[in-house]
Amino acid sequence: MSALGHYLEEEGLATVAISLIRPQTERSRPPRALWVPFELGRPFGPPSDPAFQKRVILAALQLVERDDGPVIIEDFPDDDPRARPDPDWRPPFDHAAVADRPAETIARELESEIELLRSVLDRWVTQRGYSTVGLSGLSIADCAGLVAGQLRGEALTSSREGFSPPLMLRFAVDDLKAYYLEAGAAGSAKPSSRQLGDWFWNATAAGAALHAIRAACLASSDDRLKLIAGNFMVPAARVLAPG
Amino acid sequence: MTRLTDLPPAQAQRLAELECPDFATHPWVEGPALPQRRVAIVSSAGLVVRGEDPFRGRDADYRAIPAHTKPKDLLISHISINFDRTGFQEDWNVVFPLDRLNELAADGVIGEVAQTHYSFMGATDPVLMEPHARALAGRLKGDRVDTVILPPV
């Protein structure tokens, strides 16, 4: 964001960047930046907390009224209260999935979990008014089918023009994660991202499937598949240690 | 789960030390007080309006997000999977604070909100983004924007 700030400011627009990674911002020295102590992915802090979000955006915007530039980096003082786990949260199910079970077993469990979660996701959509599933353009059953097909060793295909098969797999995986994580958050409890991630990666067939596909793709001879599987399937913090 | 300090050390170090352009100049634009400003969001979250062309890799261009876009129609197509998306799934303002900007404008804290907002995909080399960013500045000025907030993801 710092580079964008530099280019836009050179073109005559006042800019203020939100910074999630302070060392980067210190090196790139944008005109104005507000560093926030939040997790990556949450530049304005807690969801469903308009008052907190407004304090963040105001702290940033007020930097454009300062006259002590050309480089200002300020720190936002408060942590995201939603980063704390909610002890009242319960996942929709807990299968204690294990990645090294037979691929066919995981594939069947994945397909049955999709059905199991359908009514839970409906509850989420009723609560929130929408779902963010939809990047691939496939139905969620087709996303799961694509992933299950990879587990079964089927050839990877894409049904959408302009999307290569590996790109389609990446977007289908993004949709699958969104489907589970939204279903996991349905209800009145306010789980932290860590709680939801622990459940998805450790206790669902979808998490087990992605671990297994990542391992299989990394061993394949298709470089694009290796790239997708190695970088865009399992977050670095969730990659299982060998053995 | 995905604060920088929670990432594997090698990943955290790579992010912290990501190469960025070494700018020789430090541009600085001043302007009126906030109640006279027209503000746009230019995100780097790889945001795309549902049904439009998502970011496929490290695309250097940007996507337009009209101010009338609804939360149900905004998706993240960022290439990285190493950041939280559950906050955005619950409330788009975590990443794209359009409701907050509209409230600030209604309260007179800022002047106006832009007609169109934009998103880049932040994992792209900033040098490749430069011509697109400079062209975008023209579009923003055409919308009478004088102030831009730049959220990452």
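Undergrad: Please clarify how the overall build of chain A should be interpreted in this entry.
TA: Scanning chain A from terminus to terminus reveals 9 helices and 3 strands. The order of α-helices and β-strands along chain A, N terminus first, is α-β-α-β-α-β-α-α-α-α-α-α. For chain A, the spread of C-alpha atoms along the three principal axes comes to 65 × 45 × 35 Å. The buried share of chain A, taken over its 243 residues, is 48%. When contacts within chain A are restricted to residue pairs at least 6 apart in sequence, long-range pairs at least 24 apart make up 65% of them.

Undergrad: So what exactly am I meant to see when it comes to the nonpolar core here?
TA: If you look at soluble globular proteins, the nonpolar side chains tend to sit buried side by side. All names here are of chain A. Core analysis: the largest hydrophobic core is formed by 106 residues, its most contacted members being Val-16, Leu-110, Val-147, Ala-172 and Ala-209. Counting residues per element, this core draws most heavily on helix H6 (residues 165-185), at 12 residues. Looking at which domains feed residues into this core, each of domain 1 (2-83) and domain 2 (103-238) gives three or more. Ignoring any residue separated from it by four or fewer positions in sequence, one finds Ala-172 in contact with Ser-136, Leu-138, Cys-143, Leu-146 and Val-147.

Undergrad: I'm lost on the interface of chain B and chain A in this one. Help?
TA: It is common to give the size of an interface as the accessible area that goes away when the parts come together. Of the residues lining the interface, 69 residues belong to chain B; the matching set on chain A comes to 65 residues. Counting residues per element, the ones that place at least two in the side of chain B that touches chain A are helix H1 (9-16), helix H2 (86-90), helix H3 (98-106), helix H4 (126-142) and strand E7 (147-150) of chain B. Among the elements that take part in the side of chain B that touches chain A, H4(B) stands out by supplying 8 residues, more than any other. Grouping the amino acids of the side of chain B that touches chain A by side-chain chemistry returns 40 nonpolar, 13 polar and 16 charged. Here strand E1 (residues 14-19) of chain A pairs with E7(B) via 4 bridges, running parallel. Residue pairing in the sheet places A:Val16 in a bridge with B:Ile149 of E7(B).

Undergrad: I would appreciate a short explanation of the pairing of E1(A) in the present structure.
TA: The side chains of a regular strand alternate, first on one face of the sheet and then on the other. Residue and element names in this part refer to chain A. Most of E1 is tucked away: 6 of the 6 residues are buried. The alternating pattern of E1 places Ala-14, Val-16 and Ile-18 on one face and Thr-15, Ala-17 and Ser-19 on the opposite face, and all of these are buried. In terms of strand pairing, E1 meets strand E2 (residues 32-35) through 3 bridges, oriented parallel. Paired with Ser-19 across the two strands is Trp-35, which belongs to E2. Regarding the hand of the β-α-β motif, the stretch spanning E1, helix H2 (residues 22-28) and E2 is right-handed.

Undergrad: Quick question: what am I supposed to make of unusual backbone geometry here?
TA: Leave glycine aside and you will find that most residues have negative phi; peptide bonds, for their part, are mostly trans. Along the chain, A:Gly69 connects to A:Pro70 via a cis peptide bond; the corresponding omega equals 20°. Note that A:Pro70 resides in the loop between helix H3 (50-61) and strand E3 (72-75). Of note, the phi angle at A:Ser48 is positive, near 55°, even though the residue is not glycine. Locating A:Ser48 in the fold gives a position in the loop between E2 and H3. Take A:Ser48: there are 14 C-beta atoms within 10 Å of it, and that puts it in the partly exposed class. For B:Arg144, which is not glycine, the phi torsion reads 65° and is therefore positive. Structurally, B:Arg144 is set in the loop between H4 and E7. Using a count of 12 C-beta atoms within 10 Å as the deciding quantity, one classes B:Arg144 as exposed.

Undergrad: How should I be thinking about the packing of H6(A) against helix H7 (residues 193-203) of chain A in this particular structure?
TA: Helix-helix packing: each pair is described by the crossing angle between the helix axes and the interaxial distance. Residues and elements named next belong to chain A. Their axes nearest at 10 Å, the elements H6 and H7 cross at an angle of 125°. Overall, the two elements H6 and H7 adopt an arrangement that is oblique. Handedness of the H6/H7 crossing: right-handed. For the pair H6 and H7, contact is made by Lys-177, Tyr-180, Leu-181, Gly-184 and Ala-185 and by Leu-196, Trp-199 and Phe-200, respectively.

Undergrad: Quick question: what am I supposed to make of helix H8 (residues 205-218) of chain A here?
TA: An α-helical turn contains 3.6 residues, so any two residues separated by three or four positions project in the same direction. Residue and element names in this part refer to chain A. Between its first and last C-alpha atoms H8 spans 20 Å; for 14 residues at 1.5 Å apiece the expected length is 20 Å, and the two agree. Of all 14 residues in H8, 11 are buried; the element is thus mostly enclosed. Every buried residue of H8 is listed here: Ala-205, Ala-206, Gly-207, Ala-208, Ala-209, Leu-210, His-211, Ala-212, Ile-213, Arg-214 and Cys-217. The inward-facing, buried residues of H8 contact helix H4 (103-128), helix H5 (140-151), H6, H7 and helix H9 (223-232).

Undergrad: Help me understand H3(B), please; the structure alone is not making it clear to me.
TA: Taken together, the buried positions of H3(B) are B:Leu98, B:Arg100, B:Leu101 and B:Leu104. When H3(B) is viewed along its axis, its buried side chains cluster within an angular range of 160° and face the same direction. Those residues of H3(B) that are buried lie in contact with H3 of chain A together with strand E1 (38-43), strand E5 (112-113) and strand E6 (116-119) of chain B.

Undergrad: Explain the confidence of the model for chain B here, please?
TA: In low-pLDDT regions, the fine details of the predicted coordinates are not to be read closely. Confidence in the prediction of chain B, expressed as mean pLDDT, is 92, and 95% of residues score 70 or more. Quick note on the complex model: pTM equals 0.94, ipTM equals 0.95.

What counts and what doesn't
Residues numbered from 1 in each chain as written. Chains lettered and ligands numbered in written order. Predicted model: local features only at pLDDT ≥ 70, side-chain atom pairs only at ≥ 80, totals over all residues. Helix = DSSP H or I, 4+ residues; strand = E, 2+ residues; numbered from the N terminus. Buried ≥ 20, exposed ≤ 12 C-beta atoms within 10 Å, placed from the backbone. Contact = placed C-beta atoms within 7 Å. Core = buried A, V, L, I, M, F, W, Y, C linked by C-beta atoms within 7 Å. Domains from an automatic or database assignment. Nonpolar A, V, L, I, M, F, W, Y, C, P; charged D, E, K, R; others polar. Pairing = 2+ DSSP bridges. Right-handed = clockwise from strand over helix to strand, strands pointing away. Axes fitted to C-alpha atoms, helices over the stretch in contact; angles between N-to-C directions. Parallel < 35°, antiparallel > 145°, perpendicular 65-115°, else oblique. Left-handed = near helix turned anticlockwise from the far one by under 90°. Expected span 1.5 Å × (residues − 1). Arc of directions from axis to C-beta. pLDDT = per-residue confidence, 0-100.

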